[in-house]
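Spelled out, the chains give:
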Amino acid sequence: MPVQSPISSVNDFVVRFANVNGSGSASANELFARSILRHGVPVGPRNIFPSNIQGLPTWYEVRVTEDGHLGARGGVDLMVAMNPQTWDKDVASIEPGGYLFYDSTKPIPTSKFRADITVIGVPLTAITNSTYTDPRQRQLFKNIIYLGALCALIDMDPKIIEQLIAEQYKGKEKLLSSNVHALHLGRDWALQNLKCPIGVRIKKADKVGDRIFIEGNSAAALGAVYGGATVCAWYPITPSSSLADAFTSHCKKLRHDPETGKAKYAIVQGEDELASIGIVIGASWNGARAFTATSGPGISLMTEFIGLSYFAEIPAVIMNVQRAGPSTGMPTRTQQCDIIACAYASHGDTKHVLLFPEDPAEAFEFAAQSFDLAERLQTTIFLMLDLDIGMNHRLCHPLRWDDARQYDRGKVMTAEMLDDGRDFGRYLDVDGDGIPFRTYPGTHPTKGSFFTRGTSRDRYARYSEEGAVYADNMQRLLRKFETAQDMVPRPLQANAQKPTKYGVIYYGSTSPAMDEAIGLLEARGHHLDRLRIRAFPFHSSVASFLAEYDFVYVVEQNRDAQLRSLIVNENGIDPVRLVPILHFDGTPITARFIAGAIGDHQDQLKVTPLRKVKS
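Presented here is a report on the structure given in the accompanying data block. (Residues numbered from 1 in each chain as written. Predicted model: local features only at pLDDT ≥ 70, side-chain atom pairs only at ≥ 80, totals over all residues. Heavy atoms only, no water.)

In this section: the overall build of the chain. Across its full length, the chain carries 19 helices and 22 strands. Computed over C-alpha atoms, the radius of gyration of the chain comes to 27 Å, within 12% of the 25 Å expected from 2.2 N^0.38 for 615 residues, which places it in the range of a compact globule. Referenced to the eigenvectors of the C-alpha coordinate spread, the extents of the chain come out at roughly 95 × 90 × 40 Å. Residue pairs at least 24 apart in sequence account for 75% of intrachain contacts in the chain once pairs closer than 6 positions are excluded. When the accessible surface of the chain is summed, it comes to about 26400 Å², and 51% of that surface belongs to carbon and sulfur atoms. Taken as two groups, the 65 positive and 68 negative side-chain charges of the chain have centres that lie 4 Å from each other. (Helix = DSSP H or I, 4+ residues; strand = E, 2+ residues; numbered from the N terminus. Rg over C-alpha atoms; globule rule 2.2 N^0.38 Å. Contact = heavy atoms within 4.5 Å. Areas by Shrake-Rupley, 256 points an atom, 1.4 Å probe, with all protein chains shown as cover. Lys, Arg positive; Asp, Glu negative; His and termini not counted. Charge placed at Lys NZ, Arg CZ, Asp CG, Glu CD.)

What follows is the structure, encoded as structure tokens:
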């Protein structure tokens, strides 16, 4: 028996699977997560995988949370240790009183265990080898067997798992029956040889509601379809490749003419990232809605063309699924480290619009909105996803779309407007908002020339290197950027239960962990008003929020406090009042980390006043 009482918790625990990449464990682990969802209990799964094809360690973490906390919590309550290479690290990560599930076919020295955890050994290899002779079957079905054993240990309904297997192998009866058989091999062994259930277990609930389970990359790709994108040009790069793949899949279902069957879209894999953004700009200049999907290294290569989009004022959408940098960095780890690079991409004075979705539902919404913004503002729009949102399944509200919604193509000069004698200057600001009119190629046979310049020019697109003309154009571009403040998604504010002198700013995938951290901080007696930023340029409410507090914490997942730097730079804020809370090891930020970092700083601010001594 362990020296610490075993954890006892229903519908509130963390399971982590430690596997070897390429072992076929991914589908079994995802089946585990989906099975718990079918029990009516929310889950927050995260896949932590290496950048090679196979052989290196991989982890799949499933947070079971009836309270609906979808951010990473930190710590492991039940470790399924299937990788000898990471054994010591995996065992060390288990919470005191937690559980270690392992393959007990071969004996392991007692020194490799801990006295404060419950050890559960199942001879998985022995069971597999006695049942199957084919090496590949042994490898694959071993994963289903451990799923069956877990089914018994945490009291899952096997019929739910069987139903999911039936859906997965519909029409493939041989695969269906063999997987169900393997499931019951593990479950039956556990029921006959182990005390079931253990302290952490599943109880059917009704806490999922109408929420859907979807990856952010797939949701963003669907948003591109609904947003009117007809051209995608891309070059493969982790973790954005699945976004382009998803766009391809969605288009095959939704973008073929029902009468002729012809595709009404173009998807081009460029020779590299620079070629891809060039294709996007060319397609957009011709009137198509076009985008590319990439990550940090791709942004680095695209900056020359991004500058062209900004200065020539051609719409473009870049969906940046951020990973850990610099350079190649950690391709399969998550960060929010491209903020500065995207905000000021290209040389010279450039400023770009960034959108920060918090989950797949906003990824869908903002992806669709980005095409309207790109055409209204005639510039590049960055959708700032990251690996945690993009490549992990997340529970979120159903994706919503108004069929009556009309695309906003912005200021487009028509042939009729030209025939009516409208003054057309390609870079002429007629409304005071910094946004000129443009024409599509071929709009008029003789009027409204549609040439575009990436060099200095006057308001009528005539080449000029005169200082006054250049300054006039640059001031207009800045005016356009200021106009964007009221077009982009506004920040969302939530106030603490009590008046407070402290605030917190956060954005993107940090959101679910931050929301949970608030409760942990309140339990320590710390109260914060919070503001979730959803776009750059910053709405005026950001400056108003900053002015209200003695200190504002800025929570982000990068080393250099990039959003904080943007806030200081754009709002003239004293940086001392902005306290960075930074997490950048490549794993998703946790509620425990945020609450610990902010709570420790708050504790230091609590200075006991000196008492006046009576003489």
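Take the pattern of salt bridges next. Oppositely charged side chains may form a pair once their charged atoms are brought near each other. Summed over the entire model, instances satisfying the criterion amount to 37 salt bridges. Ionic pairing is found between R476 and E313, a salt bridge with its closest N-O pair at 2.4 Å. One end of the pair, R476, is in helix α15 (residues 467–484); the other, E313, is in the loop between α10 (296–312) and β13 (316–322), and 163 residues separate them in sequence. Under the relative-accessibility criterion, R476 is labelled buried at 3%. (Salt bridge = Lys/Arg side-chain N within 4 Å of Asp/Glu carboxyl O. Buried < 20%, exposed > 50% of the residue type's maximum accessible area, 1.4 Å probe, protein only.)

For the rest of this paragraph, the subject is the sheet that holds strand β3 (residues 43–48). The mixed open sheet is built from six strands, whose spatial order is β3-β4-β2-β5-β6-β7. Sheet topology places β3 and β7 (118–122) at the edges, where each strand pairs with a single neighbour. The mean angle between the axes of side-by-side strands here comes to 15 degrees, regardless of whether they run parallel or antiparallel. In the packing of helix α1 (residues 25–38) onto the sheet, the strands contacted are β2 (12–20), β3 and β4 (57–65), and the crossing angle to β4 comes to about 5 degrees. (Pairing = 2+ DSSP bridges. Axes fitted to C-alpha atoms, helices over the stretch in contact; angles between N-to-C directions.)

Time to look at the side chain of S295. Looking at where S295 falls in the secondary structure, it is placed in the loop between β12 (290–294) and α10. Ignoring sequence-local partners within four residues, the contact set of S295 consists of I237, T238, P239, S240, N320, V321, Q322, R323 and D338.

Another aspect to go through is the nonpolar core. Within the largest apolar cluster, 53 residues are counted, with the highest numbers of intra-cluster contacts made by F17, F32, F101, L150 and I154. Those residues in contact with F101 that sit more than four places away from it in its chain are L78, M79, V80, A81, I120, V122, L124, Y146, A149, L150 and L153. With 42 residues, the next largest nonpolar core counts I299, M302, F538 and I567 among its residues. (Core = buried A, V, L, I, M, F, W, Y, C linked by side-chain atoms within 4.5 Å.)

This brings us to the sheet that holds β12. Taken together, the seven strands give an open sheet; going across it, the order is β11-β10-β12-β13-β15-β14-β20, and neighbouring strands pair in mixed fashion. Bordering the open sheet on either side are β11 (266–269) and β20 (535–536), each of which pairs with just one other strand. In the packing of helix α8 (residues 241–254) onto the sheet, the strands contacted are β10 (231–234), β11, β12, β13 and β15 (380–386), and the crossing angle to β10 comes to about 150 degrees.

To continue, consider the packing of helix α7 (residues 216–226) against α8. One can describe the packing of α7 onto α8 by two numbers: an axis separation of 8 Å at closest approach and a directional angle of 45 degrees. Relative to α8, the element α7 is oriented oblique. The interaxial crossing formed by α7 with α8 has right-handed handedness. Each of N217, S218, A220, A221, L222, A224, V225 and Y226 in α7 lies in contact with α8, whose residues at this interface are S242, L243, A246, F247, H250, C251 and L254. (Parallel < 35°, antiparallel > 145°, perpendicular 65-115°, else oblique. Left-handed = near helix turned anticlockwise from the far one by under 90°.)

Given 3.6 residues to a turn, an α-helix orients residues that are three or four positions apart in the same direction. Over its 14 residues, α8 runs 20 Å from end to end, which matches the ideal 20 Å to within 8%, given 1.5 Å per residue. Of all the residues in α8, the buried ones are S241, L243, A244, A246, F247, H250 and C251. Tucked inside the fold, the buried residues of α8 contact α7, β10, β11, β12, β13 and β15. (Expected span 1.5 Å × (residues − 1).)

A few words now on the pairing of β13. Across the seven residues that make up β13, a large majority, seven, are buried. The alternating pattern of β13 places A316, I318, N320 and Q322 on one face and V317, M319 and V321 on the opposite face, and all of these are buried. Pairing geometry for β12 and β13, over four bridges, is parallel. Bridge pairing in β13 places T294 opposite N320. Crossover β12 to β13 through α10 is right-handed. (Right-handed = clockwise from strand over helix to strand, strands pointing away.)

Attention now goes to the packing of α7 against helix α12 (residues 360–377). One can describe the packing of α7 onto α12 by two numbers: an axis separation of 7 Å at closest approach and a directional angle of 30 degrees. When the interaxial angle is binned, α7 and α12 end up roughly parallel. In terms of crossing hand, the pair formed by α7 and α12 is right-handed. The segment α7 lies against α12, with G216, A219, A220, L222, G223, A224 and Y226 engaging P360, A363, F364, A367, A368 and F371. Its residues assigned to classes, the contact of α7 with α12 comprises eleven nonpolar, two polar and no charged. (Nonpolar A, V, L, I, M, F, W, Y, C, P; charged D, E, K, R; others polar.)

A separate point is the state of the cysteines. Under the counting rule described, the total for this entry stands at zero disulfides. The thiol of C151 is unpaired, and the distance to the nearest cysteine sulfur, on C196, comes to 9.5 Å. In this structure C337 is a free cysteine whose sulfur lies 9.4 Å from that of C342, the closest cysteine sulfur available. (Disulfide = S-S within 2.5 Å.)

Moving on to the packing of aromatic side chains. The tally for this structure, following the rule as stated, stands at 15 aromatic pairs. With 4.8 Å between their ring centres and 50 degrees between their planes, F545 and Y549 make a pair best called tilted. Neither F545 nor Y549 differs from the other in exposure class; each is buried. The structure contains a cluster of three or more aromatic residues connected by ring pairs, namely F17, F32 and Y146. We note R422 situated over the ring of F437; from NZ or CZ to the ring centre the distance is 5.4 Å. Taking NZ or CZ as reference, R457 lies 3.7 Å from the ring centre of Y427, over its face. (Phe/Tyr/Trp six-rings, centres within 6.5 Å; stacked < 30°, edge-to-face > 60°. Lys NZ or Arg CZ within 6 Å of the ring centre and 35° of its normal.)

The next point concerns the environment of I340. Here I340 is to be found in helix α11 (residues 339–343). I340 sits in the partly exposed class, given a relative accessible area of 30%. Taking C-alpha positions, I340 is 16 Å from E304, a pair spaced 36 residues apart along the chain.

On to the environment of A149. Mapped onto the secondary structure, A149 falls in helix α4 (residues 135–153). Using a relative accessible area of 0% as the deciding quantity, one classes A149 as buried. As for A149 and V122, which are separated by 27 residues in sequence, their C-alpha atoms are 8.0 Å apart. Once you skip the residues sitting within four places of it in the chain, A149 turns out to touch F101, G186, R187 and A190.

Moving on to α10. Under the 1.5 Å per step criterion, the end-to-end length of α10 is 23 Å for 17 residues, consistent within 8% with the ideal 24 Å. Where α10 bends most, the angle comes to about 60 degrees, and this point is T303. Taken residue by residue, α10 has G296, G298, I299, M302, I306, G307, S309, Y310, F311 and A312 as its buried positions. Looking at the buried side of α10, the elements it contacts are α9 (273–285), β12, β13, α11, β15 and α15. (Bend = angle between axes of the 7 residues up to and from the residue.)

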